[in-house]
6 protein chains.
Amino acid sequence: DFMNALDEVRPAFGVNEEELATCVQNGIIKYSPYINGILAEGSLFTKQVRNSEHTPLVSVLLHGPPGAGKTALAATIALNSEFPFIKLISPESMVGYNEAAKVAAISKTFNDAYKSPLNVVVVDNIERLVDWVPIGPRFSNAVLQTLMVLMRKQPPKGRRLLILATTTERSVLQQMDILDTFDAQIGVPNVSTLQELEYILTEADIYGDGQTNSEPGRGKVHSILSTLNGQTGTTDIGVGIKKILLNLETAKQDPDFDSRFVELMSRSVNDRVML
Amino acid sequence: DFMNALDEVRPAFGVNEEELATCVQNGIIKYSPYINGILAEGSLFTKQVRNSEHTPLVSVLLHGPPGAGKTALAATIALNSEFPFIKLISPESMVGYNEAAKVAAISKTFNDAYKSPLNVVVVDNIERLVDWVPIGPRFSNAVLQTLMVLMRKQPPKGRRLLILATTTERSVLQQMDILDTFDAQIGVPNVSTLQELEYILTEADIYGDGQTNSEPGRGKVHSILSTLNGQTGTTDIGVGIKKILLNLETAKQDPDFDSRFVELMSRSVNDRVML
Amino acid sequence: DFMNALDEVRPAFGVNEEELATCVQNGIIKYSPYINGILAEGSLFTKQVRNSEHTPLVSVLLHGPPGAGKTALAATIALNSEFPFIKLISPESMVGYNEAAKVAAISKTFNDAYKSPLNVVVVDNIERLVDWVPIGPRFSNAVLQTLMVLMRKQPPKGRRLLILATTTERSVLQQMDILDTFDAQIGVPNVSTLQELEYILTEADIYGDGQTNSEPGRGKVHSILSTLNGQTGTTDIGVGIKKILLNLETAKQDPDFDSRFVELMSRSVNDRVML
Amino acid sequence: DFMNALDEVRPAFGVNEEELATCVQNGIIKYSPYINGILAEGSLFTKQVRNSEHTPLVSVLLHGPPGAGKTALAATIALNSEFPFIKLISPESMVGYNEAAKVAAISKTFNDAYKSPLNVVVVDNIERLVDWVPIGPRFSNAVLQTLMVLMRKQPPKGRRLLILATTTERSVLQQMDILDTFDAQIGVPNVSTLQELEYILTEADIYGDGQTNSEPGRGKVHSILSTLNGQTGTTDIGVGIKKILLNLETAKQDPDFDSRFVELMSRSVNDRVML
Amino acid sequence: DFMNALDEVRPAFGVNEEELATCVQNGIIKYSPYINGILAEGSLFTKQVRNSEHTPLVSVLLHGPPGAGKTALAATIALNSEFPFIKLISPESMVGYNEAAKVAAISKTFNDAYKSPLNVVVVDNIERLVDWVPIGPRFSNAVLQTLMVLMRKQPPKGRRLLILATTTERSVLQQMDILDTFDAQIGVPNVSTLQELEYILTEADIYGDGQTNSEPGRGKVHSILSTLNGQTGTTDIGVGIKKILLNLETAKQDPDFDSRFVELMSRSVNDRVML
Amino acid sequence: DFMNALDEVRPAFGVNEEELATCVQNGIIKYSPYINGILAEGSLFTKQVRNSEHTPLVSVLLHGPPGAGKTALAATIALNSEFPFIKLISPESMVGYNEAAKVAAISKTFNDAYKSPLNVVVVDNIERLVDWVPIGPRFSNAVLQTLMVLMRKQPPKGRRLLILATTTERSVLQQMDILDTFDAQIGVPNVSTLQELEYILTEADIYGDGQTNSEPGRGKVHSILSTLNGQTGTTDIGVGIKKILLNLETAKQDPDFDSRFVELMSRSVNDRVML
Ligand SMILES: Nc1ncnc2c1ncn2[C@@H]1O[C@H](COP(=O)(O)OP(=O)(O)OP(=O)(O)O)[C@@H](O)[C@H]1O
Ligand SMILES: Nc1ncnc2c1ncn2[C@@H]1O[C@H](COP(=O)(O)OP(=O)(O)OP(=O)(O)O)[C@@H](O)[C@H]1O
Ligand SMILES: Nc1ncnc2c1ncn2[C@@H]1O[C@H](COP(=O)(O)OP(=O)(O)OP(=O)(O)O)[C@@H](O)[C@H]1O
Ligand SMILES: Nc1ncnc2c1ncn2[C@@H]1O[C@H](COP(=O)(O)OP(=O)(O)OP(=O)(O)O)[C@@H](O)[C@H]1O
Ligand SMILES: Nc1ncnc2c1ncn2[C@@H]1O[C@H](COP(=O)(O)OP(=O)(O)OP(=O)(O)O)[C@@H](O)[C@H]1O
Ligand SMILES: Nc1ncnc2c1ncn2[C@@H]1O[C@H](COP(=O)(O)OP(=O)(O)OP(=O)(O)O)[C@@H](O)[C@H]1O
Ligand SMILES: [Mg+2]
Ligand SMILES: [Mg+2]
Ligand SMILES: [Mg+2]
Ligand SMILES: [Mg+2]
Ligand SMILES: [Mg+2]
Ligand SMILES: [Mg+2]
């Protein structure tokens, strides 16, 4: 019945644009040249899969801290490829599946991909797909082995496949000997400088109607950044874009947006320090 | 059949007021500004879920020592939200379920929530839901992974979800890498000062008919507090509100309420010291 | 079929007096004020459950060395309550049950209790119920978690429940984090002084027809005690009432009761020393 | 079908003399007063079970090195009791049973015993019944727990039960906390002196037709003992009766019985030294 | 149904040339005398199996670093044998199989081989076939034991079998005591010198139409090698042929092939250094 | 169906000569008095089982390094017995069986043996039968326990049984406490001296048509031995007969037999040194 469930929710073939769009809910703010670099590297691999006859399979790992934007970037690269078959394998779509069901669902997605000429499979959040928990440690070896084999299995003649995987637990994957499996690895960083944060606040237009980029808006933003700098005593933000956007929304519930945002960001920055 | 059992006991949709009320059996005594603070923070998150389009999911963890009032406060925040769908996921409602049954029941509750526009799910006593025991240690990884994924899974378009979870084992959750999963954490403290205890005794009206707040009542209460202080040699109570209310009831069985209550409280305070 | 077996042997509702009586096969010899104290404390909790509206659930743990009389005392407190529903959950009644069957049987007993206004459930020998063995260590986490939740689960409105549990492995329960679960703990000691032993020998009327309490009887008893004292070199007996009563019976098979009893008791006392 | 197998082979009720006789294949050679002592102690417990109303259940553990004669002695005590119901629970009768089947077979034997007034159950080779292996270590906790409970479970009113268990792994049982379960423990020693060995050789009449006890026979036996003494350099034999009887038989295949027996015994004695 | 799947995809008997050809997708570039040596040794064992009556079974292990060409060489030896029955046992053909299904599929392949006079079975990637992961460590003992027995099992009278196995985890196989199982072991090295790399670039004709081997082509190749040498500071390449061929293809997507290839190779060489 | 498979392949009763003959494929070369000694000791135990009424069961363990000839010698002893029932329990005949199937197949063989008066059961390669792997370590305790019990279980009245077991992992069996189970142990050595090797080469008639034992043949053999001695720097061969015979066959594929054989033997001798 989980197979039925699977079939109901998503078309067996083709691209489920809506599902992938959900991964990029808040767009891609290009707050740093790194972000452009990641998208460029992604498009290079896309090109290689499309063009080179000798490399019908290319697999890429996007790794980085929680909330750095890994899933959003993988989904963006996938959508940019404009390949006719793009599928997402994610823990959210397999809630309640047992080990065998997960293995079957993952296999099915890859088998579907083998039937189309040009394919992208996004394998999101590997550590969660394999039910990783550091106590023990425990994980599903059946799912892990399935992924390890499928991520190296050559597609049949005439088929091409780009695999985009994401993880926050690169060192765990290393211990599992799964890193070698990837043809390339791309690091996704946290937001790290005050300038980057300024760019994000402006882009998100925190005061609305473009006011953020007006003279007074810029002043207020600078004031936010300098207060934050003072409170945290550091210019190294080290917070993921996802958390920053969440803090923005929480602060918006407060009449005094500026103070509240500084408070929330300070907490986030300090949590980072405690790591 | 556990699904049937489930359906019999609780309405599939909507709010089961009675079940939630049981969690607040003895009301909320506002013995400290902290208590008001917790309820205020809860209402802020409620507001964010209702208003912000960019954060359809907010998850909050209430953590603290045994009997501090975590469940009662979570239930109160949930009821205060007046959202049309409020559900409680608790170990008590899953006695005798095996791992698969628990996973199914939890998934079902979340799936139900995805069908209503504004929802609260209270996930009570996470360490018990995952069958945690420190020897081994052992726990149900299947239930844990299900919770980890569901607590981050975005509701479908147009649906909003507030998750309120409770635990006494925050450090265990940290070891399980599940703390990151929450957007916010709220600590629930023990009753800690003699003044707080005095407030509780008065509010509970231990001598009945408002006598506690009369001149002689206040005198007796002061005498209780000072004897307790003498016996324990500390002004730091460090006992949960739940245990204090239980001690009150046990002492009421004794004709000499005052001495018995002091004895029971001394024992509770000393047990704390031994931790 | 184990459910059938269950139903055959015991009435689903009410009190199975015979089963509980078996636990007190040799009566309660009040060889020390502690014994009275334990029964008094038990009756206080019984009273609280009957009277207090705010504490519909009280759970008490009787702990102590093997054979100290824990089960007999728990059964006695239960019978003294005169509550209409009294049930015993014991390893002996679940021989051959697998984990799921045990969980089901335990749940059923509690569910039955929730249907009657005033209830006692005796949970005998927790470490055996959870299949504890120190090698590993191993135990049934499913049974343990079921007990942990059921021992804190509030009965439905208008129902009251007193839980009396016994264990010889208090430190194991502590490691399992299950001690917090109890509202109160009562220690059951070994027989420890020669006077207590004298009281027991007299009460058991070892020479029959009341002769033990006659002049010559008392002399013989004193002689037994002083020989034992000499042989063991200690006045600290440290043997459970159960073993003492067994030694009495074994000695009775020997024409020379006195020497044989001293020999058996010496061995028992020395075994204790070796711990 | 294992239950069928069970039923075919042995009568459900009563005594299976043949099976028990197999355990004493080579009789009981009373080579030392210890052997008489063991049988006497066994008969005392038999008497207690028959006579004392307060001890309907007595359990005794026979422990000692491999091949010391534990099973033969337990079977002899059981047969001497002349109780109407005597049953043997042994690993040999449960070859190929899985855990559940073993638990069921053991429970059945005890349940059968509860239907007869006077019963003996021999529980042979506990470490093998529980599938003990020191690597891990591993064992069947289900079988172990079943035995632990059944060996303490009071028979129903009017029924009496003597349990005779055997083991070579007393220290393992101690680690398993199962030693406390027994009311008494009896050690079964190895054959240890040259005199005891002489007694055995004579009793076994190694030269046939009573010649062993003739003048020349005694001379040859003395010569064997003194050669053995010389070769091993010790008067401490430390070999089980079972191995000695096996060596006798192997030596008989050799025309030169004496030398061959000395050789085999030397090896056995030295193996002991190597422990 | 996995058996069906099996049957559909490959003919039960005979040689599946296409599947084996996929393993040698990019041919065998004889960049070093080692490569010829390996093929020669392979053909010697092929000859022995064909000719010697006393050795109907010969098993050979090809081991070496990831991407060294183990699978391609094993497939080539197998195809060169021109035996009528050649089969590949690989993890890719058993994705999603559970332990029992794997054991069955492996057994079936060997059983098929026992029906034909001259056979090769390629057992590719043993560590993956047994689901090896270093955390734990964990692996399928059932699959391992099946392989261990089948790799030593004599074929029936008149049947001959050559087994060619591959692994990157020779030390793991040693810990598993499976190395002894092989009659011979062949190491497959990485590409290690600049000369070897030059040979490969020329053979792969990186500039197309034979230009690579022209005067200017050779110049550009030398320039690539010397830049690489400069950037890595070593003449020891230490990269597998597979990775080198992949880097070639990636570089071809870049207008500036030379720089891009040097960059990719530098990274590969340095990754090696970090091991 | 595995039972069917079993029945098809071998007759349920009697001797499967062919299967046993496969174990002695290359005969028994009596290269050392040890070999004769082993066969003699085997025939002594055969005699004891046939003659002695008091020892209906004798079990013997043949242990030694891999390829020493353990299985061939056990099969030879079994065949020499000329008992009407001779069966082989081997890992090769149970490929793909799960734990329960193995236990059943082993039990069946022994049960068949109990129906015939004189029986031999060869239990080949115990460590493989129990799925032993040193990582973990892991093994099938169910199969192990079955073997432990069956190897000591007395056959029914009038039945006799000789058990011949083999292993390369004697120290593992010791850790498993299974060594005590055997009545006798026989060590099977490697080929160790140059003289023994000379004997084997002559016996195998490496130059064919008896030429090996001619003047020139003996000279060439001596030359081989002295070259080997020179290359390895030792007179201690330490290689199993099985490997030596394999090396002979491989060398025969080479026109220059002598050099190739020396090379292969050197490698084998050195591998030994590396242990
Ligand atoms: N430059 C950016 N890169 C990535 N995401 C961005 C960027 N700018 C804005 N976003 C938004 O930030 C969010 C990033 O969340 P995302 O789930 O991709 O992070 P993640 O690293 O996958 O988190 P997790 O560790 O929880 O899996 C998305 O909502 C995305 O639309
Ligand atoms: N200020 C307060 N905060 C919370 N609970 C209160 C307060 N005042 C009174 N109570 C009462 O105290 C009890 C608190 O018990 P609750 O079960 O919520 O504690 P808990 O921390 O969840 O305990 P546990 O650790 O056992 O889960 C409830 O009966 C509640 O009605
Ligand atoms: N004062 C007493 N307290 C308890 N039991 C007593 C007392 N006097 C006599 N007895 C008798 O002693 C026996 C005590 O055995 P009981 O099984 O209750 O001990 P236990 O501590 O539960 O043992 P175990 O550790 O084996 O569970 C009973 O037969 C009881 O009738
Ligand atoms: N005094 C004796 N005590 C016990 N057994 C004796 C004695 N004299 C002779 N025997 C014989 O010695 C053998 C003892 O073997 P038994 O199987 O009882 O030993 P065990 O200690 O149970 O061995 P294991 O450790 O293998 O279980 C039996 O055949 C028995 O008939
Ligand atoms: N000399 C060579 N030896 C082996 N393969 C070569 C050689 N020259 C070119 N190739 C090509 O290189 C590739 C080698 O990949 P192959 O899968 O055999 O490596 P592998 O060592 O099995 O890798 P893995 O460790 O991932 O299993 C094949 O595509 C093959 O055609
Ligand atoms: N003296 C001998 N002893 C044993 N085997 C011999 C002897 N001479 C020749 N052989 C041959 O040597 C081979 C020995 O192989 P066998 O399988 O018996 O060894 P093994 O010790 O059982 O190996 P393994 O450790 O792999 O189980 C057989 O083919 C046998 O015919
Ligand atoms: Mg993500
Ligand atoms: Mg709570
Ligand atoms: Mg008890
Ligand atoms: Mg025995
Ligand atoms: Mg490969
Ligand atoms: Mg062998």
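Below you will find a few notes about this structure. (Residues numbered from 1 in each chain as written. Chains lettered and ligands numbered in written order. Predicted model: local features only at pLDDT ≥ 70, side-chain atom pairs only at ≥ 80, totals over all residues. Heavy atoms only, no water.)

### Some points on the overall build of chain A
Point 1. Along its length, chain A carries twelve helices and five strands.
Point 2. For 275 residues, the compact-globule estimate of 2.2 N^0.38 gives 19 Å, and chain A sits close to it at 21 Å.
Point 3. Counting only C-alpha atoms and orienting by the principal axes, one finds that chain A spans roughly 60 × 45 × 35 Å.
Point 4. Across chain A, every contact between residues at least 6 apart in sequence was considered, and the portion connecting residues at least 24 apart equals 79%.
Point 5. Only carbon and sulfur atoms are counted for the fraction: they give 50% of the accessible area of chain A, which is about 11,300 Å².
Point 6. Each charge class in chain A was averaged separately, 25 positive and 32 negative side chains, and the resulting centres sit 6 Å apart. (Helix = DSSP H or I, 4+ residues; strand = E, 2+ residues; numbered from the N terminus. Rg over C-alpha atoms; globule rule 2.2 N^0.38 Å. Contact = heavy atoms within 4.5 Å. Areas by Shrake-Rupley, 256 points an atom, 1.4 Å probe, with all protein chains shown as cover. Lys, Arg positive; Asp, Glu negative; His and termini not counted. Charge placed at Lys NZ, Arg CZ, Asp CG, Glu CD.)

### What to know about the arrangement of the chains
Point 1. Structurally, chain A and chain D remain out of contact, their C-alpha atoms never closer than 17 Å.
Point 2. For chain B and chain E, which are not in contact, the least C-alpha distance works out to 15 Å.

### What to know about the sheet that holds strand S3 (residues 118-123) of chain E
All names here are of chain E.
Point 1. Sheet architecture is open: five strands sit in the order S2-S3-S4-S1-S5, paired in parallel fashion. Two strands bound the open sheet, and with one partner strand each, they are strand S2 (85-89) and strand S5 (184-187). Going from strand to strand, the sheet's axes swing by 15° on average, the running direction of each strand aside.
Point 2. Sheet topology note: the strand S1 (residues 57-63)/strand S4 (residues 160-167) ladder contains seven bridges and is parallel. Looking at the pairing, Ser-59 lines up with Ile-163 of S4.
Point 3. Against the sheet, helix H5 (residues 99-113) engages S2, S3 and S4, with an angle of about 170° to S2. (Pairing = 2+ DSSP bridges. Axes fitted to C-alpha atoms, helices over the stretch in contact; angles between N-to-C directions.)

### Remarks on the relation of the copies chain F and chain E
Point 1. It takes a turn of 60° to lay chain F on chain E, together with a shift of 0.0 Å along the axis; the resulting RMSD is 0.0 Å. What the superposition gives is, in effect, a six-fold axis relating one chain to the other. Residues of chain F ranked by C-alpha distance from the rotation axis are headed by Gly136(F), positioned 8.7 Å from it.
Point 2. The two copies present different faces, since only 9% of the interface residues in chain F are matched by interface residues at the equivalent positions in chain E. (Least-squares fit on C-alpha atoms with pLDDT ≥ 70 in both.)

### Remarks on the packing of helix H9 (residues 194-203) of chain A against helix H11 (residues 241-252) of chain A
Residue and element names in this part refer to chain A.
Point 1. Two elements in contact, H9 and H11, have axes whose closest approach is 12 Å; the angle formed by their N-to-C orientations is 50°. As summarised for this structure, H9 and H11 are arranged oblique, according to the angle between their axes. By crossing handedness, the relation of H9 to H11 is classed as right-handed. Within the contact between the two elements, H9 uses Leu-197, Ile-200 and Leu-201 and H11 uses Ile-241, Ile-244, Leu-245 and Leu-248. (Parallel < 35°, antiparallel > 145°, perpendicular 65-115°, else oblique. Left-handed = near helix turned anticlockwise from the far one by under 90°.)

### Things to note about the sheet that holds strand S2 (residues 85-89) of chain F
Strand pairing in a sheet takes place through backbone hydrogen bonds and is either antiparallel or parallel in direction.
Residue and element names in this part refer to chain F.
Point 1. Within the open sheet, the five strands sit side by side as S2-S3-S4-S1-S5. Their pairing is parallel. Of all the strands in the sheet, the pair left with one neighbour each is S2 and strand S5 (184-187). Within this sheet the neighbouring strands show an average axis-to-axis angle of 15°, counted without direction.
Point 2. By the bridge criterion, four bridges tie strand S1 (residues 57-63) to S5 in an arrangement that is parallel. Bridge pairing links Leu-61 to Gln-185 in S5.

### Some points on the site of ligand 6
Point 1. By nearness alone, 21 residues border ligand 6, and Gly27(F), Ile29(F), Lys70(F), Thr71(F) and Ala72(F) come closest of all.
Point 2. In this structure, ligand 6 sits where chains E and F come together, each supplying nearby residues.
Point 3. At 3.5 Å, a side-chain N or O of Arg152(E) approaches an oxygen atom of ligand 6.
Point 4. At 2.8 Å, a backbone N or O of Ile29(F) approaches a nitrogen atom of ligand 6.
Point 5. Protein chains shield 93% of the accessible area of ligand 6, which is 630 Å² for the free molecule.
Point 6. Elements with a contribution of two residues or more to the shell around ligand 6: helix H4 (70-81) and helix H11 (241-252) of chain F.
Point 7. Split into classes, the residues belonging to the shell around ligand 6 amount to eleven nonpolar, seven polar and three charged. (Near = heavy atom within 4 Å. Polar contact = N/O pair within 3.5 Å; in protein donor to acceptor, adjacent residues only side chain to side chain. Nonpolar A, V, L, I, M, F, W, Y, C, P; charged D, E, K, R; others polar.)

Remember, this is a structural readout, not a statement about activity or role.
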